[in-house]
Amino acid sequence: MAAVTSEILKSELDMFGIACTDDSVLDKMVEQCICSRIQADEMLLEWVAYSNTKGLKLTMENLEQFEHEVLNKRSKSKQSIRKDDSHRIMDVNSFKEIIKAEEEEENLLDSYSTPAKGSQKRALTTPEHPQSKRSAALLSSPGLLLSPASFSPSVTPSQKYSQRGGKGEVVVTFGAVQGTRWMGRKSASADVQVELLEAPEDSLRSSYKYMFQRLRDVRNVLTEKIEELGENLRSHFSIEEFSPVSLPAQDSITVLGQVCCDSNGKLNAQSVLLEAGPEQGGQQVPVDLSELKEYSLFPGQVVVMEGMNATGRKLVASKLYEGVPLPFHTPDVKIEADEGKKPQPLNILVACGPYTPSDSLTFDPLLDLIGVIVRDRPDVCLLLGPFVDSKHEQVEKAQLTETFEAIFSRCIESIVDGTRSVGCHLVFVPSQRDVHHHFIYPQPPFTLPNLSKDQAQRVTLVPDPCTLLIDGVTFGLTSTDILFHMGAEEISCGTGSDRFSRILKHMLTQRSYYPLYPPVEEVNMDYEKFQSFGQMPLTPDVLIVPSELRYFAKDVVGCVCVNPGRLTKGQVGGTYSRLLIRRGAASEDGKRASPCLAAQVVKI
């Protein structure tokens, strides 16, 4: 089905003899079509009936009145409309052609499947699952770009999502939110600079060959990490030198190494090993933590320990040196205010996929998010994957009727077209759960060759992970669930802080977006690229770490860390986040002032 564009609407208007020279009015009508989920011809019929009844001209004000009085009432009865569409009459020849095409496709799939999976064809045509008939009845009905009829035989919308409660409820607040207006600048042409912090030659901007790394190369990367962090710790704490970990000594020694586990199981206080770099002997030694009053350790962590190793076979640790985070970014050019006024703060929206409920491939949550963007008019939208989730049930069972790339392309086009009148800058971050994209970490950015020149100007495609510079404020972004992965491996004692804060502090002090080693099985790591593109070049002002774990917004060693949650949680709606950023924040009395004025996590 064709997308609703301003050109189609212009031709429809010409058909009715309605003159329209204002592009912003056409963009508004495109936006209304997408949010109300109707096609251009239906939109024009509704407008002509409404305008002739009231004698109105086609202006922005009248369109907003039309949306309030007609389209909003129409959207409330969308479920009954869907039911009417599903019973639309088709001729016999159309039915025969569709059924024949489906049978050929199912026979082709069965020829590649095992006997155990051969029952899939029968399951699709039983009275309990008449998906093929339902999709056949819907193929001739008009629909939008994100109409689920073309994606999957099962087009039933998620009941739990549509019946969710607490829509728009604020569940987390951070900073001075009292009296804050969460509205971006009204000027769609307001210039916001969004770019990767690193230079083009130092950024991951295209795909690369992977699955070619050697164990020796992995070892070299890990060794360099130990030496680099060790040198920073040595200079910061004024340590003279590091001793070999396995050399017997009667005096207290200071050793450098990487934490690891003595088996393939989970790390615990009795299974901790310290593995030194080549300069300190390259050997492993068990560590006794009983004399440490407090500690927080995880596999892959580079630490400096002080203790006794009388036999050379076990290190009894008495002191643990914590890592030191990198400095913050210092903007080269300050944002100057117009006519002596303070620069207006930036409104930034952050959302993370999946953008469909787990029981349906309808993109209702994404369309609701587009509605939020149109209402609040943020300056920048940070949208993280997955957009086509590899863990979705219908994707896993191969119940789609289109390619993954086609569904993704429609998804992105709907976001870009639906937010055109807002003029906000869109940043797309891939995920390893995006079924159509490269399954590797670090992950190269998406490629969108079909974007027009005007659309491409307000779209930025970035890798996972990346450090982004938005009007002089640095954002660290990763769609990989590092909180969940490290939370399952970290051990601690007597720290007095919550687990999220400890893990985030580890990321900042280890200066890495994924400091865990070995990584979990679902993370396919390329260590040579990780050394170049997976490290933090500085401590970001804001760190975005979406996770399956509970949403939050908190300050960790001066960095505002936000978990916006996921837009959908199973069959029900999830959350997104919005931030208010002070551009060109100056130091107060020689101290750094955080550019993040306020943050909220809101239910969709």
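Each remark here, short or long, concerns the structure printed above.
Bear in mind that the values here come from a model prediction, so they are computed numbers and not experimental data.

*Asks:* How should the overall build of the chain be read in this particular structure?
*Replies:* In terms of helices and strands, the chain carries 17 helices and 22 strands. The 604 residues of the chain split such that 51% are buried. For the chain, the share of sequence-separated contacts (at least 6 apart) that also reach a separation of at least 24 residues comes to 72%.

*Asks:* How should the nonpolar core be read in this particular structure?
*Replies:* Across soluble globular proteins, nonpolar side chains have a tendency to be buried as a group. Core analysis: the largest hydrophobic core is formed by 60 residues, its most contacted members being Leu9, Leu369, Leu383 and Phe387. Looking at this core element by element, the count peaks at seven residues for helix α11 (residues 364-376). Looking at which domains feed residues into this core, each of domain 1 (6-65) and domain 2 (169-197 + 341-480 + 523-603) gives three or more. Ignoring anything within four residues of it in the chain, the contact list for leucine 383 reads Leu349, Ala351, Tyr355, Leu369, Ile415, Val427, Phe428 and Val429. Counting 32 residues, the second-largest nonpolar core is a separate cluster that includes Val172, Val429, Cys466 and Tyr551.

*Asks:* Hey, could you run me through helix α1 (residues 6-15) in this one?
*Replies:* An α-helical turn contains 3.6 residues, so any two residues separated by three or four positions project in the same direction. Taken together, the buried positions of α1 are Ser6, Leu9, Glu12 and Leu13. Taken down its axis, α1 places every buried residue within 120° of arc, on the same side. Opposite the packed face of α1, turned more than 90 degrees from it, sit the exposed residues Glu7 and Met15. If you follow the buried residues of α1, they end up packed against α2 (23-36) and α3 (40-54). Downstream of α1 by a residue or two, glycine 17 has a phi angle that is positive, lying close to 70°.

*Asks:* Please clarify how the pairing of strand β5 (residues 284-288) should be interpreted in this entry.
*Replies:* The two faces of a sheet get side chains in turn, since along a regular strand they alternate between them. With burial as the criterion, only one face of β5 is covered, namely that bearing Val285 and Val287; the residues Gln284, Pro286 and Asp288 on the opposite face remain uncovered. In terms of strand pairing, strand β4 (residues 272-275) meets β5 through three bridges, oriented antiparallel. Considered in β5, the bridge of leucine 273 is made with proline 286.

*Asks:* Honestly, the pairing of strand β13 (residues 466-470) in this entry has me stumped. Any pointers?
*Replies:* For β13, a buried count of five out of five residues is recorded, marking the element as mostly surrounded by other parts of the structure. Burial along β13 is two-sided: the residues Cys466, Leu468 and Ile470 and Thr467 and Leu469 are all buried. Where strand β2 (residues 194-196) and β13 come together, three bridges link them in antiparallel fashion. Residue leucine 196 lies in a different strand from β13, and its bridge partner there is leucine 468.

*Asks:* How should the state of the cysteines be read in this particular structure?
*Replies:* Inspection of every chain in the model, using the stated rule, returns zero disulfides. Cysteine cysteine 260 remains unbridged, with the sulfur of cysteine 261 as its closest cysteine sulfur at 7.8 Å.

*Asks:* It is not clear to me how the side chain of arginine 410 should be interpreted in this structure. Could you clarify?
*Replies:* Following the sequence through the fold, arginine 410 ends up in helix α13 (residues 404-418). Within the structure, the side chain of arginine 410 is placed 2.9 Å from the side chain of glutamate 402, a separation counted as a polar contact.

Analysis parameters
- All chains use their own residue numbering, which begins from 1 and follows the written sequence.
- Local features are withheld for residues below a pLDDT of 70 in this predicted model, meaning they are given only at 70 or higher, and side-chain atom pairs are given and counted only at 80 or more; totals for whole chains, interfaces and linings count all residues.
- The basis for the side-chain values is all heavy atoms of the structure; hydrogens and waters are excluded.
- Secondary structure elements are taken from DSSP: a helix is a run of H or I of four residues or more, a strand is a run of E of two residues or more, and numbering for both begins at the N terminus.
- Type-normalised accessible area, obtained with a 1.4 Å probe on protein chains alone, sets the label of each residue: buried when under 20%, exposed when over 50%, and partly exposed for intermediate values.
- Note on definitions: a residue-residue contact is assigned when non-hydrogen atoms from the two residues lie within 4.5 Å.
- Only buried residues count toward a nonpolar core, which is a set of Ala, Val, Leu, Ile, Met, Phe, Trp, Tyr and Cys residues joined through side-chain atoms within 4.5 Å.
- An automatic or database domain assignment supplies the residue ranges for each domain.
- Read the arc as the range of directions from the helix axis to the C-beta atoms.
- Here, any two strands with at least 2 DSSP bridges between them count as paired.
- Throughout, disulfides are identified as pairs of cysteine sulfur atoms within 2.5 Å of each other.
- Pairs of N or O atoms are called polar contacts if they sit within 3.5 Å, as long as, within protein, a hydrogen donor faces a hydrogen acceptor (for residues adjacent in sequence, only side-chain-to-side-chain pairs).

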